[in-house]
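# Breakdown of the fold
One-letter residues, chain by chain:
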Amino acid sequence: MSLNYENLAALTPRLREAVVNLLYRMADDELLIGHRDSEWTGHGPILEADIAVSSMAQDEMGHAQAYYQMLHELGEADPDTLAFGRKPREYKCAALVCLPKGDWAFTIVRQYLYDAAEMIRLTAFAAGSLRPLAQLATKLRGEEKYHMMHGRGWVLRLGDSTPESHERMQAALTQLYPYAMGLFEPTEYDEHLAQAGICPREDELQREWESAVAPVLTEAGLKVPEHLEPVYGGRVGRHPAALKELLDSMQLVYKIDPGAKW
Amino acid sequence: MVNREATRQQGKEAKRQGGSERIQAAYAALESVTDPEIPVINVIEMGMIADVRVDGDRLVVDLTPTFVGCPAIDVITHSIREAMRSIGETEAAVNVVYEPPWSSDRITEEGRRKLKEFGLAPPSARCESGMASIDRVACPFCNSKNTSLESIFGPTLCRSIHYCQSCLQSFEHFKPV
């Protein structure tokens with residue numbers, strides 16, 4: 001595909017609004033899952049697992065910052081204000097990333113389903129028509145590759161290890177799959193973004209994601225439950241109560257001293 | 001290999017055709033700026049300098065970060081500004097860019113040699129070659145390939161942890177990205 005939008009200034013006002021919405025979704029998902037992952041720092045089941053989940057937290061927060069920076073270039077507030085200065089309703093993250101961290105199986109399943117979705121999106125962005133986003137996505141893909149290796153390894157290891165590990169993994173998958181489907185909640189901007197070649201439609205991305213995760217889950221001996229209703233609402237600011245609790249803790253310092261320098 | 005060589009040649013070429021003494025002086029000053037997490041290697045050897053140019057009156061340095069979430073970016077940016085100030089470029093701008101995207105293929109041969117000397121195995125493969133590429137990394141101490149991957153993540157975002165079955169030591173490896 002030829003690149004149509006060399007820079008952010010080349011976007012029409014309507015497309016600009018669509019891109020802003022898309023970037024908020026991406027950034028907020030990254031920030032929140034990064035924060036949830038960071039809750040494992042010092043509490044991982046083994047040292048290497050602790051380091052891995054903490055590193056992934058650092059990656060995701062770095063990615064969030066890059067998306068917020070792009071939003072800032074599109075006229076939104078500065079990255080710190082966007083990350084820490086908004087009310088829960090203003091966040092556009094999916095419910096998946098808001099849920100409390102759960103046990104290790106829950107964390108692994110969530111991270112795996114999330115990273116697989118992110119990888120598909122980044123691949124689409126990288127081939128897409130908005131050049132600054134394509135550049136950033138190319139960069140992020142290289143880093144996410146290691147999240148995928150890590151997640152796949154753990155899913156396979158825990159999925160058919162002991163009866164207890166299998167049971168916990170299956171329970172996590174059954175609980176989380178509808179939430180993961182919610183990562184692809186349709187928005188009013190989908191058609192426009194797809195036509196512009198910036199991001200494919202959400203249902204198209206979801207189909208691709210499902211065919212990417214299915215073989216790994218099957219190999220791990222896990223079953224995707226049937227007839228699931230996706231959990232929607234996050235993209236329009238309707239969130240589980242867990243988000244407010246998380247933000248209260250995450251924004252505490254910022255609220256006490258918004259201009260603090262570190 | 002070809003790619004690394006190409007990058008290096010491009011760097012040299014840029015230096016030459018950039019031509020002006022100001023740009024050459026800037027490159028020379030950049031040689032003193034190191035990554036605080038790997039202090040033995042400078043930002044040029046690391047492949048982090050995407051461009052140095054004069055824009056109007058102002059000197060501009062484009063920095064392509066190793067990892068987007070690398071906490072050292074601010075420190076490195078600051079060090080570059082300091083280095084530029086030391087040669088009289090008080091107004092120098094440092095931009096963080098993602099094009100060209102940094103890849104471990106951008107580390108120069110000299111940089112790879114220094115990483116190894118530091119005890120950090122240089123990136124084992126081209127970044128696109130995927131999963132198998134970090135399973136058997138050559139030990140930086142004894143060069144054996146009888147090694148195993150212990151952890152995909154290490155003490156910094158850019159490192160993985162390995163164990164050498166030949167000299168019985170753990171070592172770190174700069175991940176291909």
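Residue numbers here run from 1 along each chain, matching the order of that chain's written sequence. All chains are assigned letters beginning at A, and all ligands numbers beginning at 1, according to the order in which they are written. Per-residue local features of the predicted model are confined to residues with pLDDT of at least 70, and side-chain atom pairs are confined, for both listing and counting, to 80 or more; whole-chain, interface and lining totals are unaffected and use all residues. With hydrogens and water set aside, each side-chain value is computed from the structure's full complement of heavy atoms.

## With respect to the sheet that holds strand 3 (residues 49-55) of chain B
What links the strands of a sheet is backbone hydrogen bonding, and the strands pair in either a parallel or an antiparallel sense. Residues and elements named next belong to chain B. When DSSP finds two or more bridges between two strands, those strands count as paired. Numbering of helices and strands runs from the N terminus; a helix is a DSSP stretch of H or I covering at least four residues, while a strand is a stretch of E covering at least two. The three strands are arranged 3-4-5 in an open sheet whose pairing can be described as mixed. Two strands close off the open sheet at either side, each with one partner strand: strand 3 and strand 5 (93-96). Here the strands of the sheet are splayed against their neighbours by 20° on average, with no regard to which way each runs. Bridge count between strand 3 and strand 4 (residues 58-63): six bridges; the pairing is antiparallel. In the sheet register, Asp51 faces strand 4, and the bridge partner there is Asp62. For every element, the axis is a line fit to its C-alpha atoms; helices are fit only across the contacting stretch, and the angle between N-to-C directions ranges from 0 to 180 degrees.

## With respect to unusual backbone geometry
The step from B:Glu99 to B:Pro100 runs through a cis peptide bond, and the omega angle for that step is 0°. Mapped onto the fold, B:Pro100 is located in the loop between strand 5 and helix 4 (109-117). One non-glycine residue, A:His227, adopts positive backbone phi at about 50°. Residue placement: A:His227 occurs in the loop between helix 8 (202-219) and helix 9 (241-250). Remark: exposure states derive from per-residue accessible area (1.4 Å probe, protein chains only) relative to the maximum for the residue type, with buried under 20%, exposed over 50%, and partly exposed in between. According to the relative accessible area criterion, A:His227 is exposed, its value standing at 79%. You will see that B:Leu168, though not glycine, has its phi angle at about 55°, which is positive. Residue classification places B:Leu168 among the exposed positions, given a relative accessible area of 55%.

## A word on the packing of helix 2 (residues 47-73) of chain A against helix 5 (residues 131-159) of chain A
All names here are of chain A. Axis separation between helix 2 and helix 5 bottoms out at 11 Å; the angle between their running directions is 160°. When the interaxial angle is binned, helix 2 and helix 5 end up roughly antiparallel. Crossing of helix 2 over helix 5 shows left-handed handedness. Residues Ala49, Ala52, Met56, Asp59, Glu60, His63, Ala66, Tyr67 and Met70 of helix 2 lie in contact with helix 5, whose contacting residues are Pro132, Leu133, Leu136, Leu140, Glu143, Glu144, His147, His150 and Trp154. The labels follow the angle: roughly parallel below 35 degrees, roughly antiparallel above 145, roughly perpendicular from 65 to 115, and oblique for the rest. When the near helix sits turned anticlockwise from the far one by under a right angle, the crossing is termed left-handed; a clockwise turn instead gives a right-handed crossing. Throughout, a contact is declared for two residues whenever any of their heavy atoms are within 4.5 Å.

## Some points on the state of the cysteines
Residues and elements named next belong to chain B. The criterion for a disulfide is a pair of cysteine sulfur atoms lying within 2.5 Å. Evaluated as defined, the whole model comprises zero disulfides over all chains. Cys70 supplies the cysteine sulfur nearest to Cys158, a cysteine that is in no disulfide, at a spacing of 6.8 Å. Judged by relative accessible area, which is 6%, Cys158 ranks as buried. With no disulfide of its own, Cys167 lies 3.7 Å from the sulfur of Cys164, the closest cysteine sulfur.

## Examining helix 6 (residues 163-181) of chain A
All names here are of chain A. Over its 19 residues, helix 6 extends 27 Å from the first C-alpha to the last, a length consistent with the 27 Å expected when each residue adds 1.5 Å. The sharpest bend along helix 6 measures roughly 35° and falls at Gln175, with the proline Pro178 sitting one to four residues further on. Within helix 6, the full set of buried residues consists of Ser165, Met169, Gln170, Ala172, Leu173, Leu176, Tyr177, Pro178, Ala180 and Met181. Every helix has an expected span of 1.5 Å times one less than the residues it contains. Throughout, the bend at a residue refers to the angle made by two axes, fitted to the seven residues ending there and to the seven starting there.

## Topic: the interface of chain A and chain B
If you look at the interface, chain A gives 25 residues, while chain B gives 24 residues. At the boundary of chain A with chain B, total buried surface from both sides reaches about 2100 Å², with 67% on carbon and sulfur atoms. Buried surface area refers to the total accessible area, computed with a probe of radius 1.4 Å, that the two partners give up upon joining, counted for both partners together. By the criterion of area lost to chain B, the three top residues of chain A are A:Lys139, A:Tyr146 and A:Met149, representing 33% of everything that side buries. Salt bridge, as used here, is a side-chain nitrogen of Lys or Arg placed within 4 Å of a carboxyl oxygen of Asp or Glu. Applying the counting rule to chain A against chain B returns one salt bridge. For the salt bridge of B:Glu99 with A:Arg131, the shortest nitrogen-to-oxygen distance reads 2.3 Å. Counted as a polar contact is a pair of N or O atoms within 3.5 Å, where, for protein atoms, one must be capable of donating a hydrogen and the other of accepting one, and residues adjacent in sequence contribute only when both atoms are in side chains. On the surface where chain A and chain B come into contact, there are seven residue pairs in polar contact (both at pLDDT 80 or more). Looking at the side of chain A that touches chain B, the elements with two or more residues in it are helix 2 and helix 5 of chain A.

No statement about biological role is implied by the geometric values presented.
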